[in-house]
Structures are given as structure tokens and as C-alpha cells.
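Next come the chains, spelled out residue by residue.
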Amino acid sequence: MNVVLSADESYARYGAVVMASVIANANDPGNLHFFMLTPGLHEETRQSLRASVEGSGVAIDIIDVDAHELQGLKAGRFGVAALLPLLMHRYLPAGCERVIYLDCDVLVLSDLAELWSMPLEGHAAAAAMDLCNPVSRLTRESPDDYFNSGVMLVDMAAWRSRRVGERALACLEEKGNDFRYPDQDALNRVLAGDWYRLEPEWNCQPTAYAAVEKRYAHLVPYLPALEVAIRHPRIVHFIGAVKPWHAKCVHPLQEDFIAYSRHTPWPIDRKALRSSLAWSKRIRLAFKQPKIRRRRRLIGS
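Residues numbered from 1 in each chain as written. Predicted model: local features only at pLDDT ≥ 70, side-chain atom pairs only at ≥ 80, totals over all residues. Heavy atoms only, no water.

> Could you give me a rundown of helix 11 (residues 254-261), with the residues and numbers involved?
Counting buried positions along helix 11 yields six of eight residues, so the element is predominantly enclosed. Residues of helix 11 that are buried include every one of Q254, D256, F257, I258, Y260 and S261, and no others. Buried-residue contacts for helix 11 involve helix 1 (12-24), strand 5 (106-108), helix 12 (270-275) and helix 14 (289-296). (Buried < 20%, exposed > 50% of the residue type's maximum accessible area, 1.4 Å probe, protein only. Helix = DSSP H or I, 4+ residues; strand = E, 2+ residues; numbered from the N terminus. Contact = heavy atoms within 4.5 Å.)

Quick look at the structure:
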């Protein structure tokens, strides 16, 4: 089972958390093979990643990607590492017939074998719809047909033969200044009509909570599936600028991410996070705790 991530030096430690969660929830960890695409990592970071993964009997290849051609393309706050999956067909072994791609801000809470074995029905990739709030929805032409690229099952033969990566890069070069989410927007242009829809439990996004609680009109048809995703998330995606390693995070599964970080060389110190906040912000965060706990209790219910 080939699992691909991409990270630079600042995100490698969070990629380690993702891998730790994959391993912990795998029925057969020995069947896993990780590939970490990177524009460059310190040697100490490489050794730490290898030790943490290989210590569980799992294979990992850390692949240096020549990101020269990506220079000048708009990457925004995501950095050039976010564009590396567009080049993965050049760097992954030819024997990789399919891969699961995961962003470094997800947490895997079930065995990925079920996702791995899903039929793609001739499509190049499978992904879940990107959830957006009512305001963001107005900025998209076809929000129901727009996917989130943070979790993808990819048919590499189709990816290569249909030149998905090259076409996405060309799209970025031509229209990148108009894109808010560079790699994701480009892939949605290129794979329009060529992606298989995953249930939201495979990419449970924060908007799911508000959509169910407030019954967003544009997501009403999807509410039953979103309720399932909230109660039984297979993969949690911490979308947004505030991540679970940030002090201001209010995601109900932040504690789970922190717990898995303790199985990596870079454990997150929750007390240190909180102490870094000014008292006024700690007080505001305290007022949000009842909602956080209420949402957390939904898990498994």
C-alpha cells in the first residue's frame, strides 16, 4: 500500500504524525510503504523520520524533488512543497500502480486498506468534495463538483497517460494568479469529470460541524453523510490556517493529533502551546471549550 506525502523542513514533523496515525490503525503495517516527497530536508530530520517509521517495520523512501521548475508559480502560504504531488509521477517507482496521497495536516483514524481497495471506475483519482461555507460557495462555479486534494486515491497509470501533472502545472502557470488554492484549483480544472467521489468520512473537514449544526442550505443533500463523517471519521483533515499544533486551535480532535505526535521524534507540548497565548486569548479559548467538548463527544456516538 503506497502512501505519499510531501513536506519541507517545517512540515516534516507533522508528516511524521500522519504516518504514525496510519501505522497505528493499520491491520497489516508491514504492507505499508511511505514515500515522502521533499524539496529538501536536513540530514537529522531524514534520520529521525526513517527511525520513527522503520522502527515499526514499515518502509519509507524520502525522495528529493527538483523543484526548480516550480519556482515562480504561485504557492501562497502553502509553500512550494504543496505543489510537489503534481510531479510525483516522475519520482515514484514505475511499479507504483496506485497511491494514496495525504496532506500533512490530516489524521488517519482507520485502516486505509478499504480506501486502497476501492475501484476507481476508470477515473484518474478519487477524492471527497471540498466543503465550503455559504460565503465561500459563492466564489465557486460548481461547488458540488469541486474536490479537496488533501486526500486522494490515484491511479498512477491514468495520471501519467492523461498527463495530469503536466496539465496542472500548465494551468498554474497560465491561471495561477486567479487561484486561491493553487494545486487544488489546478487539479480541479484538469480532473473535471475525471474523479470518483469519496464519502466525506474519508476527508472529514471542519465545515462539516457547522454544516450539520446550522443546516447549511447548500449542503442539506449531504447532511446524512456529513453526520456519519463526524461520528465515525476515517480521516480527519485540519483545513485552515490554524492547525492542531497551534495554540488557538479549537478543533475537537486536536488532542488526538497531539497524542499521535508523542509517537514521533517531535512530540507536541500542549501546556507550552497554551502558555504561549496572552491571557485575553486564553480566556476566549476557555469560553469555546463547551462547544469543543460537545463536538468531541459526537465521535463514536
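Moving on from the model shown.
> Residue-level account of the nonpolar core, with values.
If you look at soluble globular proteins, the nonpolar side chains tend to sit buried side by side. In terms of nonpolar packing, the biggest core is built from 38 residues, with L70, M88, L92, V99, V154 and L187 touching the most fellow members. Looking at this core, the element that brings in the most residues is helix 7 (residues 164-175), giving five residues. Ignoring anything within four residues of it in the chain, the contact list for V99 reads N2, V4, M88, L92, W116, M152, L153, V154 and M156. By size, the runner-up hydrophobic cluster in this structure holds 37 residues, among which are A16, I23, I62 and I100. (Core = buried A, V, L, I, M, F, W, Y, C linked by side-chain atoms within 4.5 Å.)

> So what's going on with the pattern of salt bridges? Residues and values would help.
A full pass over the atoms with the stated rule returns eleven salt bridges. The salt bridge involving R234 is made with E114; its shortest N-O contact spans 3.0 Å. Highlighted residues: R234 in the loop between helix 10 (223-231) and strand 9 (235-237) and E114 in helix 4 (residues 113-116), separated in sequence by 120 residues. Owing to a relative accessible area of 42%, E114 belongs among the partly exposed residues under this scheme. With a shortest N-O distance of 3.0 Å, R162 and D194 are connected by a salt bridge. Linking R162 in the loop between helix 6 (156-161) and helix 7 with D194 in the loop between helix 8 (182-190) and strand 8 (195-198), this pair joins segments that are 32 residues apart in sequence. Here the residues in one salt-bridge network are E114, E201 and R234, joined through shared partners. (Salt bridge = Lys/Arg side-chain N within 4 Å of Asp/Glu carboxyl O.)

> So what's going on with unusual backbone geometry? Which residues, and what values?
In the Ramachandran plot, E121 falls in the positive-phi region, its phi being about 55 degrees despite a non-glycine side chain. Among the secondary structure elements, E121 is positioned in the loop between helix 4 and strand 6 (125-129). Of note in the backbone geometry, R163 takes a positive phi value of approximately 55 degrees without being a glycine. Examined against the element boundaries, R163 turns out to sit in the loop between helix 6 and helix 7.

> Describe the environment of Y14, listing the residues and the values that go with them.
Among the secondary structure elements, Y14 is positioned in helix 1. Taking relative accessible area as the criterion, Y14 reaches 14% and is therefore assigned buried. In this structure the C-alpha to C-alpha distance between Y14 and T264, which are 250 residues apart in sequence, comes to 9.1 Å. Once you skip the residues sitting within four places of it in the chain, Y14 turns out to touch C104, W245 and F257.

> Mind laying out the side chain of H218, listing which residues take part and the relevant values?
Within the secondary structure, H218 is located in the loop between helix 9 (207-214) and helix 10. Owing to a relative accessible area of 12%, H218 belongs among the buried residues under this scheme. Polar side-chain contacts of H218 include one of 2.7 Å to the backbone oxygen of C132. Residues contacting H218, with those up to four places away along its chain left out, are C132, N133, P134, R137 and D144. (Polar contact = N/O pair within 3.5 Å; in protein donor to acceptor, adjacent residues only side chain to side chain.)

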